[in-house]
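Residue strings, one per chain:
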Amino acid sequence: EAHPGALELWFGGRHSPAVAREVHRRSQVLADRTRKALIAAGVIPADADRLIFVVLVELGDRILELAFREQRIADRTVMEQGHAALSAYIRQAL
């Protein structure tokens, strides 16, 4: 919300193959870092499936896309519903 230009680029620029590749790359990095941090903190087992975190990051990205689709301020209801969905997924997946 603090950087509307970044929102425009992140969500509006995905029609560019180069931007789409960079978004995909960053999503993979975020999934890996999140998994490693949670393993290091002892929150999840060391053999936790990487795919769970890739799915979480991708789902989170879609939730943010939906929350900012109509305006530059996040739709709080979408964010709350997204939080509930991600929480339910992680409980089931782990």
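Worth saying up front: this structure is predicted, and the values here are computed from it rather than measured. Residue indices begin from 1 for each chain and proceed along its sequence in written order. Only residues with pLDDT of at least 70 get local features here, since the model is predicted, and only at 80 or more are side-chain atom pairs given and counted; chain-wide, interface and lining totals rely on the full set of residues. Here the side-chain values reflect all heavy atoms present in the structure, with hydrogen atoms and water set aside.

*Asks:* Talk me through helix α2 (residues 17–40); I want residue IDs and the actual numbers.
*Replies:* Note that an α-helix has 3.6 residues per turn; residues three or four places apart therefore point the same way. Taking 1.5 Å per residue as the helical rise, α2 with its 24 residues ought to reach 34 Å, and the 35 Å between its terminal C-alpha atoms agrees with that figure. Burial here depends on accessible area, computed with a 1.4 Å probe over protein chains only, as a share of the maximum for the residue type. Under 20% is buried, over 50% is exposed, and the range in between is partly exposed. Helix and strand definitions here come from DSSP, where helices need a minimum of 4 consecutive H or I residues and strands a minimum of 2 consecutive E residues; each element is numbered from the N-terminal end. For α2, the set of buried residues is Val23, Ser27, Gln28, Ala31 and Arg35. Residue Gly42 follows α2 closely and has a positive phi angle near 75°. Expected span of a helix, by definition, is 1.5 Å for each gap between consecutive residues, and there is one gap fewer than residues.

*Asks:* Explain the environment of Leu38 residue by residue, including any values.
*Replies:* Checked against the element boundaries, Leu38 lands in helix α2. On the basis of relative accessibility, which here comes to 28%, the residue Leu38 falls in the partly exposed class. Taking the C-alpha atoms as reference points, Leu38 and Ala48, separated by 10 residues in sequence, lie 9.7 Å from one another.

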